[in-house]
Amino acid sequence: MAKSKKKTTATPTPVIELVNLTKHYGHDDTLIYALGGINLTIDKGEFVAIMGPSGCGKTSLLNIMGLLDSPNDGHYTLDGTPATSLSAKKAAAIRAKQIGFVFQSFNLLNRLNILDNVSLPLTYSNTPRYKQHKTASKLLRTFELQEREYYMPHQLSGGQLQRVAIARALVNSPSIILADEPTGNLDSKASELIMSELTDIHKRGNTIVMVTHNPDLTTYATRIIRMNDGQIESDTKFPKKAVDPSAKRPLSAMIDQGDTQ
Amino acid sequence: MIVPDYIRVAYASLGSTKVRTTLTTLGIIIGVMSITMVLALGEGAKQAVNQQVSKLDEGIIVAKPGAVDQRAALSRYNPFAISPTSTLTQRDSESIEKAKFIDMAAPIMFVSGTTERKSTETKELRSVNAPIIATTQGLEELLKIEMASGEFISNQTNRDTVVLGNQAAIDLIGTDQARGQEVKIKGRPHTVIGVTKPSGSPINLVGVHLDQSVFINLEDGTTYNQGIAQIQQIIMRTDDNSEQAAKKVDALLLENHDDERDFIVSEGESVANTSSAFYGILVALTATVAAISLIVGGIGIMNIMLVSVSERTREIGIRKALGATNSHVLLQFLIESLTMTFVGGVIGLSLAYIAAFFVASAFSFLPAFSWTIVGISMGMAILTGLVFGLYPAVKAARKDPINSLRQYE
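In this text, all values refer to a predicted model and were calculated from it rather than measured experimentally.

1. Description of the overall build of chain A
Phase 1 of the analysis: Regarding its fold elements, chain A presents eight helices and ten strands.
Phase 2 of the analysis: Here chain A holds 261 residues, and the buried ones make up 52% of them.
Phase 3 of the analysis: Sequence separation of 24 or more characterises 71% of the internal contacts of chain A that already satisfy a separation of 6 or more.
Phase 4 of the analysis: Within the structure as shown, chain A displays about 12500 Å² of accessible surface, and the carbon and sulfur contribution to it stands at 51%.

2. Some points on the packing of helix α1 (residues 3-15) of chain B against helix α11 (residues 326-362) of chain B
All names here are of chain B.
Phase 1 of the analysis: For the pair α1 and α11, interaxial distance at closest approach is 9 Å and the crossing angle is 65 degrees. As for the relative orientation of α1 and α11, their crossing is right-handed in sense. When α1 is examined against α11, the residues Y6, I7, V9, A10, S13 and L14 are found in contact with a partner set consisting of S327, H328, L331, Q332, I335, E336, T339 and M340.
Phase 2 of the analysis: Looking at side-chain class alone, the contact of α1 with α11 contains eight nonpolar, five polar and one charged residues.

3. Examining the interface of chain B and chain A
Phase 1 of the analysis: Contacts between chain B and chain A engage 23 residues on the former and 23 residues on the latter.
Phase 2 of the analysis: Of the roughly 2100 Å² buried at the junction of chain B and chain A (both faces included), carbon and sulfur atoms supply 59%.
Phase 3 of the analysis: Viewed at the interface, chain A and chain B are joined by one salt bridge.
Phase 4 of the analysis: In this structure, R111 of chain A and E315 of chain B form a salt bridge, with 2.5 Å as the shortest nitrogen-oxygen distance.
Phase 5 of the analysis: Scanning the region where chain B abuts chain A turns up five residue pairs in polar contact (both at pLDDT 80 or more).
Phase 6 of the analysis: If you tally residues by element for the side of chain B that touches chain A, the top one is helix α10 (residues 313-321) of chain B, at six residues.
Phase 7 of the analysis: Its residues placed into classes, the side of chain B that touches chain A shows nine nonpolar, six polar and eight charged.

4. Description of the layout of surface pockets
Phase 1 of the analysis: In this structure, the largest pocket spans a volume of roughly 590 Å³.
Phase 2 of the analysis: Along the wall of the largest pocket there are 25 residues; nearest its centre are F103, S105 and N107 of chain A together with R314 and L405 of chain B.
Phase 3 of the analysis: Where the lining of the largest pocket is concerned, the elements lending two or more residues are α2 (58-65), β6 (99-102) and β7 (176-180) of chain A together with α13 (401-406) of chain B.
Phase 4 of the analysis: Residue composition of the lining of the largest pocket, by class: 14 nonpolar, seven polar and four charged.

5. Some words on the sheet that holds β6 of chain A
All names here are of chain A.
Phase 1 of the analysis: The mixed open sheet is built from six strands, whose spatial order is β6-β7-β8-β3-β9-β10. Each having just a single partner strand, β6 and β10 (231-237) make up the two edges of the open sheet. On average, each strand axis in the sheet is inclined to that of its neighbour by 15 degrees, with strand direction left out of account.
Phase 2 of the analysis: Contacts from α2 reach β3 (47-51), β6, β7, β8 (207-211) and β9 (223-228), with the element oriented near 150 degrees to β7.
Phase 3 of the analysis: Along the sheet, helix α6 (residues 158-170) contacts β6 and β7; its crossing angle with β6, the most-contacted strand, is approximately 170 degrees.

6. Observations concerning the confidence of the model for chain A
Phase 1 of the analysis: On average, chain A scores 83 in pLDDT, and the residues at 70 or more come to 87%.
Phase 2 of the analysis: A low-confidence stretch, residues 241-261 of chain A (pLDDT under 50), is modelled with 22 contacts involving residues beyond four sequence positions or located in other chains.

7. Overview of the confidence of the model for chain B
Any region with low pLDDT has predicted coordinates that should not be read closely.
All names here are of chain B.
Phase 1 of the analysis: With 91% of its residues at a pLDDT of 70 or more, chain B shows a mean pLDDT of 85.
Phase 2 of the analysis: Mean pLDDT across the elements of chain B bottoms out in helix α3 (residues 73-77) (51) and peaks in helix α12 (residues 371-397) (95).
Phase 3 of the analysis: Every residue in residues 80-84 scores below 50 in pLDDT, and together they form seven contacts with partners more than four places removed in sequence or on other chains.
Phase 4 of the analysis: Across the assembled chains, the prediction reports ipTM 0.85 with pTM 0.72.

8. Concerning the sheet that holds strand β4 (residues 73-78) of chain A
Residues and elements named next belong to chain A.
Phase 1 of the analysis: Read across the sheet, four strands follow the order β2-β1-β4-β5 without closing on themselves; strand pairing throughout is antiparallel. Looking along the sheet, the strands with just one partner apiece sit at the ends: β2 (32-43) and β5 (81-82).
Phase 2 of the analysis: Where β4 lies against β5, two bridges are found, and the strand directions are antiparallel. Residue pairing across strands places L78 opposite T81, the latter belonging to β5.

9. Overview of the environment of A321 of chain B
Phase 1 of the analysis: Here A321 of chain B shows up in helix α10.
Phase 2 of the analysis: Once residues lying within four places of it in the same chain are set aside, the contact partners of A321 of chain B are L68, R95, F101 and F103 of chain A together with L405 of chain B.

10. Things to note about the pattern of salt bridges
Phase 1 of the analysis: Per the counting criterion, the structure on display carries 19 salt bridges over all chains.
Phase 2 of the analysis: Across the pair R237 of chain B and D103 of chain B runs a salt bridge whose closest N-O atoms are separated by 2.8 Å. With a gap of 134 residues between them, R237 of chain B in strand β11 (residues 233-237) and D103 of chain B in the loop between α4 (90-98) and β2 (104-111) connect regions that are remote in the sequence.
Phase 3 of the analysis: A salt bridge links R237 of chain B to E141 of chain B, with the shortest nitrogen-to-oxygen separation between them at 3.3 Å. Taken as a pair, R237 of chain B in strand β11 and E141 of chain B in helix α5 (residues 138-142) lie far apart in primary sequence, 96 residues in all.
Phase 4 of the analysis: In this structure R237 of chain B comes out as buried when scored by relative accessible area, which is 10%.
Phase 5 of the analysis: One salt-bridge network, in which partners are shared between bridges, spans R111 of chain A together with R312, E315, R319 and E336 of chain B.

11. Observations concerning the nonpolar core
Phase 1 of the analysis: In this structure, L61, M65, Y76 and L78 of chain A are the most contacted members of the largest nonpolar core, which totals 68 residues.
Phase 2 of the analysis: The leading source of residues in this core is helix α9 (residues 273-311) of chain B, at eight residues.
Phase 3 of the analysis: Those residues in contact with M65 of chain A, other than ones at most four positions away along the chain, are I16, L18, I42, I50, Y76, I99, L178 and V209 of chain A.

12. Things to note about a positive patch on the surface
Phase 1 of the analysis: A cluster of basic residues, K131, K134, K138 and R141 of chain A, forms a positive patch at the surface.
Phase 2 of the analysis: Within the secondary structure, R141 of chain A is located in helix α5 (residues 129-142).

13. Some points on α1 of chain B
Residue and element names in this part refer to chain B.
Phase 1 of the analysis: Between its first and last C-alpha, α1 extends 18 Å over 13 residues, near the 18 Å set by a 1.5 Å rise per residue.
Phase 2 of the analysis: All of the buried residues in α1 are D5, Y6, V9, A10, S13 and L14. Mapping the buried residues of α1 onto a view down its axis gives an arc of 155 degrees, with all of them on the same face.

14. Quick look at the packing of helix α4 (residues 114-123) of chain A against α6 of chain A
Between two packed helices, the angle of one axis relative to the other and the distance separating the axes together describe the packing.
Residues and elements named next belong to chain A.
Phase 1 of the analysis: Axis separation between α4 and α6 bottoms out at 7 Å; the angle between their running directions is 35 degrees. In the packing of α4 onto α6, the handedness of the crossing is right-handed. Of the residues in α6, those touching α4 at I114, N117, V118 and P121 are V164, A167 and R168.
Phase 2 of the analysis: The residue inventory of the contact of α4 with α6, partitioned by class, reads five nonpolar, one polar and one charged.

15. Focus on the side chain of K320 of chain B
Phase 1 of the analysis: One can find K320 of chain B in helix α10.
Phase 2 of the analysis: Buried and unpaired, K320 of chain B has no salt bridge, with D400 of chain B as the nearest side chain of opposite charge at 7.1 Å.
Phase 3 of the analysis: Within the structure, the side chain of K320 of chain B is placed 2.7 Å from the backbone oxygen of K399 of chain B, a separation counted as a polar contact.
Phase 4 of the analysis: In this structure K320 of chain B touches R95 of chain A together with N326, V329, A397, R398, K399 and P401 of chain B, once residues within four positions along its chain are discounted.

Rules used throughout
Residues numbered from 1 in each chain as written. Chains lettered and ligands numbered in written order. Predicted model: local features only at pLDDT ≥ 70, side-chain atom pairs only at ≥ 80, totals over all residues. Heavy atoms only, no water. Helix = DSSP H or I, 4+ residues; strand = E, 2+ residues; numbered from the N terminus. Buried < 20%, exposed > 50% of the residue type's maximum accessible area, 1.4 Å probe, protein only. Contact = heavy atoms within 4.5 Å. Areas by Shrake-Rupley, 256 points an atom, 1.4 Å probe, with all protein chains shown as cover. Axes fitted to C-alpha atoms, helices over the stretch in contact; angles between N-to-C directions. Left-handed = near helix turned anticlockwise from the far one by under 90°. Nonpolar A, V, L, I, M, F, W, Y, C, P; charged D, E, K, R; others polar. Buried area = accessible area lost by both parts, 1.4 Å probe. Salt bridge = Lys/Arg side-chain N within 4 Å of Asp/Glu carboxyl O. Polar contact = N/O pair within 3.5 Å; in protein donor to acceptor, adjacent residues only side chain to side chain. 1 Å grid on protein atoms, 1.4 Å probe; cavity = no way out; pocket = protein on both sides within 12 Å on 5 of 7 lines; lining within 4 Å. Points joined across faces, edges and corners; volume = space filled by probe spheres on them. Pairing = 2+ DSSP bridges. pLDDT = per-residue confidence, 0-100. Core = buried A, V, L, I, M, F, W, Y, C linked by side-chain atoms within 4.5 Å. Patch = residues over 30% accessible without salt bridge, like charges linked within 9 Å, V, L, I, M, F, W, Y side chains within 5 Å. Lys, Arg positive; Asp, Glu negative; His and termini not counted. Charge placed at Lys NZ, Arg CZ, Asp CG, Glu CD. Expected span 1.5 Å × (residues − 1). Arc of directions from axis to C-beta.

Next up, the structure:
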């Protein structure tokens, strides 16, 4: 299995496969379609940015991909296993092992220190505590946060918090990382740092799906999906662009100057 | 996630709201404390009765009026509450005394009334409402009453003499060296011929505090009751096998009573049963009241846990997004309430024994320590945590992760 994956890097394996995915809310007269039949395949190693105005269904899509919500119709296959209508327990087990979440508001637990926050997904996958901390500590080192291990979240800056959150998303070595507006609460400098972290993670072979409003962030992505009214409007792939690190540097510098927040 | 993880999480979350946690746990502490105190004191009193009985000689048999009914124990315990016409008669007492298998016997008749004494120097009138026990000489030996001064009533002493319990002597005369003093029992003067030594315990098989009692001759007692002896107890001793002797006494009394079983003959351990049963009922009643305070504590737990669940909705959402199942969340919150009740239970139990020790020492017995009491108290505490923590925990577990993550923190 592992060998075949390595050989087939040229023709990547799909991590996410969505077939005619539908999600609606309300009943009868008030029926609103959040997703009106989405067909989408995301391959291993892609960095997908999902764009679109508010209410276009991108968050619903992300929630379904993250198994926090289930579709009304259609099929969802995650890393080769059908994940359309799972029991809450199975969905939770998959979330603990195969999915990494990065939220706009970091969503760290204030009462836990950084190390415990990062190891949190591992506590739900029956990993021994010393192993949890070992893995978490290793990851924090790559994010240059090893000195902050025993800090509490309120002692860190926004950018640091989001790096902790990214470390947390990576700690269970997930099949896919789902990021919902990861820089939405950060200033431009921190945003740039976070995006370069995400790019770095992507370059190490992780699959990332990012939902964002900010068109500038899409420059980091290898694929841009634009959504509107629960439908995919456009789907563009830039396979080489993000792999080339020199291409993004001047762009990020521009974001830095343009954004005064 | 394993249990130590949950306990660590519970400790961290409870620790972050210290005042709230302390106050909630205090409710449990008070509840457990009251239950434990009631049980420990009740059991201690029971043991004191049994000790008193076991201090007496082998072969003690007691006959009391009334039918064999444990439920009536409460009313039977109080000698003054017994129907004015006791079913035991002087004839019963006499036939027992005559019986060959009985070594020694003494009837007890309670006379109600006040005992007064006018001081010869100050002319001050003191009166006590002491139990007046009309009996015979045998009681001294049967109950192992020791004399501080003088002698106990006997066949040789006349009906104008009285023996005072130690405390009764101090209350009336001011000293236990009261021989020769004059007291008035129900208005009639008696000469004090002896004072007992303090027994130190209010609990015994007779059911009244002997130190506070006044002893007169049975014959004297009957004069206060139109010459009829109303015998509330016959205490006897046998040299034979007490079980068999008790059966013989039973048969003897049954014959006297024309085959009507309106009396109880008990021996050995069961001599103390009446008073034990009394304490048992008393303890059960008080423990029920004490249990209510634990329920109140439990409601406190539920209240605080509900607040905690709604405050931590976002945390629940985060945990669920990161892979926590419903049962993970359920256990997390349940273990939090269980931690409070367990810690509250341990503290309550310890405080209860400290408090019970002081309370009991005022009544000159010790609170009983037993694993049953510890088990009952801790069991009740943990049960409270389980029962009152379940609903908030279920509520937490059922929260939808998406909506929970939206909650502003």
